[in-house]
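Chain residues, written in single-letter form:
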Amino acid sequence: MNLITSTIGQGLLWGILALGLYLSFRILNFPDMTVEGTFPFGAAVCASSIVHGLNPLLATLLALLAGMLTGLVTGLLYTKGKIPILLAGILTMTGIYSINLRILGKANLGLLNQATLMKNQLLLNLPTNFPAIVVGLIFAIIVVFFLALFLNTELGQAFIATGDNEKMAQSLGINTDNMKILGLMLSNGLIGLAGGLLAQNGGYTDVNMGIGTMVIGLAAIIIGEVVYGDLSLTARLVAVVVGSILYRLVLLLVLQLGFSTNDFKLLSAIILALCLMLPLLQKKFRVKQLLQKGIQKP
């Protein structure tokens, strides 16, 4: 039972990262590599702030702002510097590594004896792993609510239009460069927030903890889409969080089959590959069924 509750809590917290990645990957159609630098940057800022005596909630909000800053840098490199988005993200991610070492002063930093959101007085009487579920659920609801609210405003619709058809958006008078910068800031802000929350939940932060985070976020998005199919925009945001929980449960199931935790990232990549191939396999299966029915007709 503890493993399941821990997995659900982890899924909710990783779901916030997946929501951030959804904005860049699905709405803007950007392969933003900044995520692998933003995630540990948010964690480093949050952990360092807590160690230096800052309130955990304020430290978490600083992680959000730190993530937005990395998104701003990538956005400016892409829109103003005319650097391809993939390379702009890699440049930002590479630079952040050194900044994280500066912030932490070393490769990792522990939070086991520090006050965190998961150790709040209001949550101390809850069963093991339930504080992470409560905190994750609260933040997931807040993020989904404000994202849904934003995406249904005129500014949000301009942001969506930029991702759908940039030339059409420009013909409507939308400043697409500003929309791209805004989108990258929001996306990376949520990823930094997730980094701060997961650092508090895990009790430590590490400069290398961002490796593979893009795969995890994409897996949550794809699983949510495959399981629930066509949905409204708001429902898709919820599906992404649910997809994150399902993804963690699938990994838990695989690990229970006897695989080592050293295989975690390999398993993540395999699961994502299978999820990405699933729509194609379903389409081929349907075509095969239709052909068989056609052959069986007299």
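Residues numbered from 1 in each chain as written. Predicted model: local features only at pLDDT ≥ 70, side-chain atom pairs only at ≥ 80, totals over all residues. Heavy atoms only, no water.

Another point: the overall build of the protein. Counting secondary structure elements, the protein contains eleven helices and two strands. Secondary structure elements of the protein, listed N to C terminal, follow the sequence α-α-α-α-β-α-α-α-α-β-α-α-α. Relative to the compact-globule value of 19 Å for 298 residues, the protein shows a C-alpha radius of gyration of 20 Å, a close match. Its C-alpha atoms give the protein principal-axis dimensions of about 80 × 50 × 30 Å. (Helix = DSSP H or I, 4+ residues; strand = E, 2+ residues; numbered from the N terminus. Rg over C-alpha atoms; globule rule 2.2 N^0.38 Å.)

Turning next to the UniProt feature "transmembrane region" (unreviewed entry) in the protein. UniProt tags residues 12-30, 57-78, 85-104, 130-151, 181-199, 211-228, 237-258 and 264-281 as "transmembrane region" (unreviewed entry). Within the segment residues 85-104, helix and strand shares are 100% and 0% respectively, and the terminal C-alpha atoms sit 28 Å apart. The span residues 211-228 carries 89% helix and 0% strand; its end-to-end C-alpha distance comes to 28 Å. (UniProt positions renumbered as here; feature names shortened; annotations may be inferred.)

Overall, the coordinates contain two salt bridges when judged by the stated rule. Its salt-bridge partner being R26, residue E225 comes within 2.6 Å of it at the nearest N-O pair. Note that E225 is positioned in helix α9 (residues 213-228) and R26 in helix α1 (residues 2-27), a separation of 199 residues in sequence. In this structure R26 comes out as partly exposed when scored by relative accessible area, which is 33%. We note a salt bridge from E166 to K180, for which the minimum N-O separation is 2.8 Å. Taken together, the positions of E166 in helix α7 (residues 166-171) and K180 in helix α8 (residues 176-202) put the pair 14 residues apart, joining distant regions of the chain. E166 gets classed as partly exposed once you look at its relative accessible area, which sits at 30%. (Salt bridge = Lys/Arg side-chain N within 4 Å of Asp/Glu carboxyl O. Buried < 20%, exposed > 50% of the residue type's maximum accessible area, 1.4 Å probe, protein only.)

A few words on a nonpolar patch on the surface. Together, L54, L57, L58, L61, L62 and L65 line one region of the surface with nonpolar side chains, adding up to about 490 Å² of accessible area. Looking at where L54 falls in the secondary structure, it is placed in the loop between α2 (35-51) and α3 (56-79). Residue L54 is classed as partly exposed on the basis of its relative accessible area, which comes to 31%. (Patch = residues over 30% accessible without salt bridge, like charges linked within 9 Å, V, L, I, M, F, W, Y side chains within 5 Å. Areas by Shrake-Rupley, 256 points an atom, 1.4 Å probe, with all protein chains shown as cover.)

Each pair of aromatic rings is reported with the distance of its centres and the angle of its planes. Applying the stated criterion across every chain, the model contains four aromatic pairs. Ring geometry for F30 and Y78: centres 5.1 Å apart, planes at 80°, overall edge-to-face. Linking F30 in the loop between α1 and α2 with Y78 in helix α3, this pair joins segments that are 48 residues apart in sequence. Note on F30: relative accessible area 7%, which makes it buried. When the ring of F150 is compared with that of F159, the centres are 6.0 Å apart and the planes differ by 45°; the resulting orientation is tilted. F159 matches F150 in its accessibility class, with the two residues each being buried. (Phe/Tyr/Trp six-rings, centres within 6.5 Å; stacked < 30°, edge-to-face > 60°.)

Contact geometry of α2 with helix α4 (residues 85-104) gives a least axis separation of 9 Å together with a crossing angle of 15°. With respect to α4, the axis of α2 lies roughly parallel. Crossing angle aside, the handedness with which α2 passes α4 is left-handed. Here α2 contributes E36, G37, T38, P40, F41, A44, V45 and S48 to the contact with α4, which in turn contributes M93, I96, I99, N100, I103 and L104. A class-by-class count of the residues in the contact of α2 with α4 yields nine nonpolar, four polar and one charged. (Axes fitted to C-alpha atoms, helices over the stretch in contact; angles between N-to-C directions. Parallel < 35°, antiparallel > 145°, perpendicular 65-115°, else oblique. Left-handed = near helix turned anticlockwise from the far one by under 90°. Contact = heavy atoms within 4.5 Å. Nonpolar A, V, L, I, M, F, W, Y, C, P; charged D, E, K, R; others polar.)

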